[in-house]
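Remarks on the overall topology
If you want the building blocks of each chain, they are given just below.
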Amino acid sequence: GLGGLLTGVRDLWGRHPVCLRFAGVIAILLFGFWAGMRPHWDYVYPLHVDEWFHLGFTQSMLEQGSLRYPDPYSSGMISNHQEMGFHLLLGFVKTVTGLSWMGLYRVAPGVTMALLTFSVYALGRREGFGWAAALFVPLIPSSTRSLGPVFLVPVSVAILFIPVTILALHRSEFKTSWTALS
């Protein structure tokens, strides 16, 4: 059955040298990058209205050079925007990479999907299901109606922090403290 197949695959990977495992991780990362880039290969602009919305707010924040900046879509100043963290992260990435807005919105979903794929692999690796979990990540449904990880919006970037946080909790002393309480 499926359990025997997964055990066989785990044993096969366990017998091969580190180079083969490294090649497997690279292949999974490339698959994740391809899945994140698939809707963006032939279209250079952001695909969803939410992407345009956040592009405008981030651009306004960078131009103003402050967390209080003019609302690009109406009059007034914005200070405590509920997605300010995303705008800060997006502005930081744009400033550090030097990419244009269209270049950033074209490449970042692929990079985000590859990072999500890797973080899920790292989370499941210790328990023996890292490869399978990583292969399923690029299959998360995405569309302009329901969004998903192939769009550069706050919720898709936030998805990346779920496995990273769980992995950090598993690796910290919080795990031993938590097991002592249960």
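Each remark here, short or long, concerns the structure printed above.
Residues numbered from 1 in each chain as written. Predicted model: local features only at pLDDT ≥ 70, side-chain atom pairs only at ≥ 80, totals over all residues. Heavy atoms only, no water.

**Overview of the packing of aromatic side chains**
- Under the definition given, this model contains ten aromatic pairs.
- Aromatic side chains Phe 53 and Phe 57 sit 4.5 Å apart centroid to centroid with 70 degrees between the ring planes, which places their arrangement in the edge-to-face category. With Phe 53 and Phe 57 both in helix H3 (residues 49–64) and four residues apart, the pair spans about one turn of that helix.
- Taking 4.8 Å as the distance between ring centres and 55 degrees as the angle between the ring planes, the aromatic pair formed by Tyr 121 and Trp 131 counts as tilted. Taken together, the residues span a long stretch of sequence, with Tyr 121 in helix H5 (residues 101–125) and Trp 131 in helix H6 (residues 130–136) at a distance of ten residues. Taken individually, Tyr 121 and Trp 131 each receive the classification buried, so the pair is uniform in this respect.
- Taken together, the ring pairs connect Phe 53, Phe 57, Tyr 69 and Tyr 73 into an aromatic cluster.
- Note that Arg 38 overlies the ring of Trp 34, its terminal NZ or CZ placed 5.7 Å from the centroid.
- One cation-aromatic arrangement involves Lys 94 over Trp 101; the distance from NZ or CZ to the ring centre is 5.2 Å. (Phe/Tyr/Trp six-rings, centres within 6.5 Å; stacked < 30°, edge-to-face > 60°. Helix = DSSP H or I, 4+ residues; strand = E, 2+ residues; numbered from the N terminus. Buried < 20%, exposed > 50% of the residue type's maximum accessible area, 1.4 Å probe, protein only. Lys NZ or Arg CZ within 6 Å of the ring centre and 35° of its normal.)

**What to know about H3**
- The terminal C-alpha atoms of H3, which comprises 16 residues, lie 23 Å apart, in line with the 22 Å expected from a rise of 1.5 Å per residue.
- Taken together, the buried positions of H3 are occupied by Glu 51, His 54, Leu 55, Gly 56, Phe 57, Thr 58, Ser 60 and Met 61.
- Buried residues belonging to H3 abut strand S1 (69–70), strand S2 (77–78), helix H4 (84–97), H5 and helix H7 (154–171).
- Directly after H3, the chain includes Gly 65, whose backbone phi takes a positive value near 70 degrees. (Expected span 1.5 Å × (residues − 1). Contact = heavy atoms within 4.5 Å.)

**Re a nonpolar patch on the surface**
- Together, Tyr 43, Val 44, Tyr 45 and Trp 52 make up an exposed nonpolar region whose accessible area comes to about 380 Å².
- Relative to the helices and strands, Tyr 43 is located in the loop between helix H2 (18–37) and H3.
- Tyr 43 gets classed as partly exposed once you look at its relative accessible area, which sits at 41%. (Patch = residues over 30% accessible without salt bridge, like charges linked within 9 Å, V, L, I, M, F, W, Y side chains within 5 Å. Areas by Shrake-Rupley, 256 points an atom, 1.4 Å probe, with all protein chains shown as cover. Salt bridge = Lys/Arg side-chain N within 4 Å of Asp/Glu carboxyl O.)

**Thoughts on the packing of H4 against H5**
- Two elements in contact, H4 and H5, have axes separated by 11 Å at closest approach and are oriented at 110 degrees. By the angle between their axes, H4 is roughly perpendicular relative to H5. Between H4, through Leu 90, Val 93 and Lys 94, and H5, the contact on the second element is made entirely by Trp 101, Leu 104 and Tyr 105.
- Its residues placed into classes, the contact of H4 with H5 shows five nonpolar, no polar and one charged. (Axes fitted to C-alpha atoms, helices over the stretch in contact; angles between N-to-C directions. Parallel < 35°, antiparallel > 145°, perpendicular 65-115°, else oblique. Nonpolar A, V, L, I, M, F, W, Y, C, P; charged D, E, K, R; others polar.)

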